[in-house]
Amino acid sequence: MDLVLSFADAGLAASARDCEAEVFGRWYDNSREQLDAEYAPYDDASRFVTVSDPLGHVLGAMRLIAPGGAAGSKTLVDLAGPPWRVDAARAAAAAGLDPEGTWDIATLVTRASTTGSGTRLSLALVHGLVQVARVNAAASFTAVLDERVRRLLNGFGAVTRTLPGARTAPYLGSAASTPVYLDMPSTMDAQRRDVPDSYRLVSLGVGLDGVSVPPPSHFRLRPLEQPVAIDLRTPAPSAARAAG
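Every chain is numbered on its own, with residues counted from 1 as its sequence reads. Predicted model: local features are reported for residues with pLDDT of at least 70 only, side-chain atom pairs are reported and counted for 80 or more only, and whole-chain, interface and lining totals are derived from all residues. In computing side-chain values, all of the structure's heavy atoms are included and hydrogens and water are not.

Colleague: Tell me about the pattern of salt bridges, and please be specific about residues and values.
Modeller: What counts as a salt bridge is simple: a side-chain nitrogen of Lys or Arg found within 4 Å of a carboxyl oxygen of Asp or Glu. What the rule picks out here adds up to 14 salt bridges. Residues Arg111 and Glu22 are paired through a salt bridge, measuring 2.9 Å at the closest nitrogen-oxygen approach. Note that Arg111 is positioned in the loop between strand 4 (102–110) and helix 5 (118–136) and Glu22 in helix 1 (residues 13–28), a separation of 89 residues in sequence. For Arg111, a relative accessible area of 8% translates into the label buried. Burial status follows relative accessibility: with a 1.4 Å probe on protein chains alone, a residue under 20% of its type maximum counts as buried, one over 50% as exposed, and anything between as partly exposed. Classification of Glu22 as partly exposed rests on a relative accessible area of 37%. With a closest N to O distance of 2.2 Å, Arg200 and Asp197 form a salt bridge. Residue Arg200 and its partner Asp197 are located together in helix 8 (residues 196–203), separated by three residues, close to a single helical turn. Among the charged side chains, a network of salt bridges with common partners joins Arg17, Glu20, Asp43 and Arg63. In this description a helix means any DSSP run of H or I spanning at least four residues, a strand means any run of E spanning at least two, and both kinds are numbered starting from the N terminus.

Colleague: Tell me what's going on with the nonpolar core, and back it up with residues and numbers.
Modeller: Core analysis: the biggest nonpolar cluster contains 38 residues, and Val49, Met62, Leu64, Trp103 and Phe141 have the highest contact counts within it. When residues in this core are grouped by element, the largest group, ten residues, is from helix 5. Phe141 has contacts with Leu64, Thr102, Trp103, Ile105, Leu129, Ala133, Val180, Tyr181, Leu182 and Met184, leaving out every residue within four places of it along the chain. Joining through side-chain atoms within 4.5 Å is the link that ties buried Ala, Val, Leu, Ile, Met, Phe, Trp, Tyr and Cys residues into a set, and such a set is a nonpolar core. In this structure, Ala16, Ala45, Val58 and Val109 belong to the second largest nonpolar core, which totals 17 residues. Contacts between residues were defined by any pair of non-hydrogen atoms, one from each residue, lying within 4.5 Å.

Colleague: Account for the layout of surface pockets, naming residues and giving values.
Modeller: Of the pockets and cavities examined, the largest pocket occupies roughly 610 Å³. Method remark: on a 1 Å grid restricted to protein atoms, a set of points is classed as a cavity if a 1.4 Å probe fits but cannot get out and as a pocket if it is open with protein on both sides within 12 Å along at least five of seven lines; lining residues have an atom within 4 Å of a point. Along the walls of the largest pocket sit 31 residues, with Phe24, Tyr28, Leu108, Asp146 and Val149 positioned nearest its centre. When contributions to the lining of the largest pocket are tallied by element, the ones reaching two or more residues are helix 1, helix 2 (32–39), helix 3 (74–80), strand 4, strand 5 (140–146), helix 6 (147–155) and strand 8 (174–183). No other element matches strand 4, which puts seven residues into the lining of the largest pocket. Ten residue types, Ala, Val, Leu, Ile, Met, Phe, Trp, Tyr, Cys and Pro, are classed as nonpolar, four, Asp, Glu, Lys and Arg, as charged, and the remainder, Gly among them, as polar. The residue inventory of the lining of the largest pocket, partitioned by class, reads 17 nonpolar, seven polar and seven charged. Grid points are joined across faces, edges and corners, and a volume is the space filled by probe spheres set on the points.

Colleague: Help me get a handle on the packing of aromatic side chains, residues and values and all.
Modeller: Note on aromatic contacts: the rings of Phe and Tyr and the six-membered ring of Trp form a pair at centre separations within 6.5 Å, being stacked when their planes are under 30 degrees apart, edge-to-face when over 60 apart, and tilted otherwise. A complete count under the given rule lists three aromatic pairs for this structure. Between the aromatic rings of Phe7 and Phe219, the centroid separation amounts to 6.4 Å while the plane-to-plane angle is 25 degrees, which identifies the pairing as stacked. Note that Phe7 is positioned in strand 1 (residues 3–7) and Phe219 in the loop between strand 9 (211–212) and helix 9 (237–243), a separation of 212 residues in sequence. On the accessibility criterion, Phe7 (3% relative accessible area) is buried. Overall, the relative accessible area of 0% leaves Phe219 in the buried class.

Colleague: Which residues make up the pairing of strand 4, and what values do they have?
Modeller: Burial analysis of strand 4 places nine of its nine residues in the buried class, the great majority of the element. Relative to strand 4, strand 3 (residues 58–65) is paired through six bridges, and the arrangement is antiparallel. Across the sheet, residue Arg63 finds its bridge partner in strand 4, namely Thr107. Bridging between strand 4 and strand 5 involves four bridges; their strand directions are parallel. Directly across from Ile105, in strand 5, lies its bridge partner Ala143. When DSSP finds at least two bridges between two strands, those strands are taken to pair.

Here it is in structure tokens:
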């Protein structure tokens, strides 16, 4: 059966976090507690693009942080701190980033799996990213990328640029990470022109065999689901009579 590409599926959030913790623990020796401390301030604006098996087990996940959250952009917050200590607002302005249309790619992880190769999972996640950008008019993305992940994205035609003033440096267990940005209109134009096969596969989703892709409306940003409050108190006599 096909793998399933999803966005902001509350039922998959716990499995996505487990996937994230497993991969970051294996590659960067990050604990679940460290990840919670890093990303909890951004939970109000965080949504996951996921690829899951038919049983709902997440095999690949990309944590996105939408603009407008209480904590702002994690990439720009991190850019202002060690090891970079860059004026993040000035760097964003120099890159031409619009804060209202810029999202963060906070994490991108894939599990080793017999049902989905790492490359296929990554391709599906990046297609999900493109869909999110199209449907929500996301003009750009920022991220702090491990150089291995950056090379992977570049190979798909999603070529990132270093944020002004930044450099490659150790970061959260990664030996070499770089604060970057991705301008979607120019990236899509260059991908269509220079690597048309990747454009068809990643941007259009043509040839993502074995992955079920939902319609574009599925990728629209919506408020997080709130728990429903249930009043368990004994109803007033009049209400009890009306119910009876």
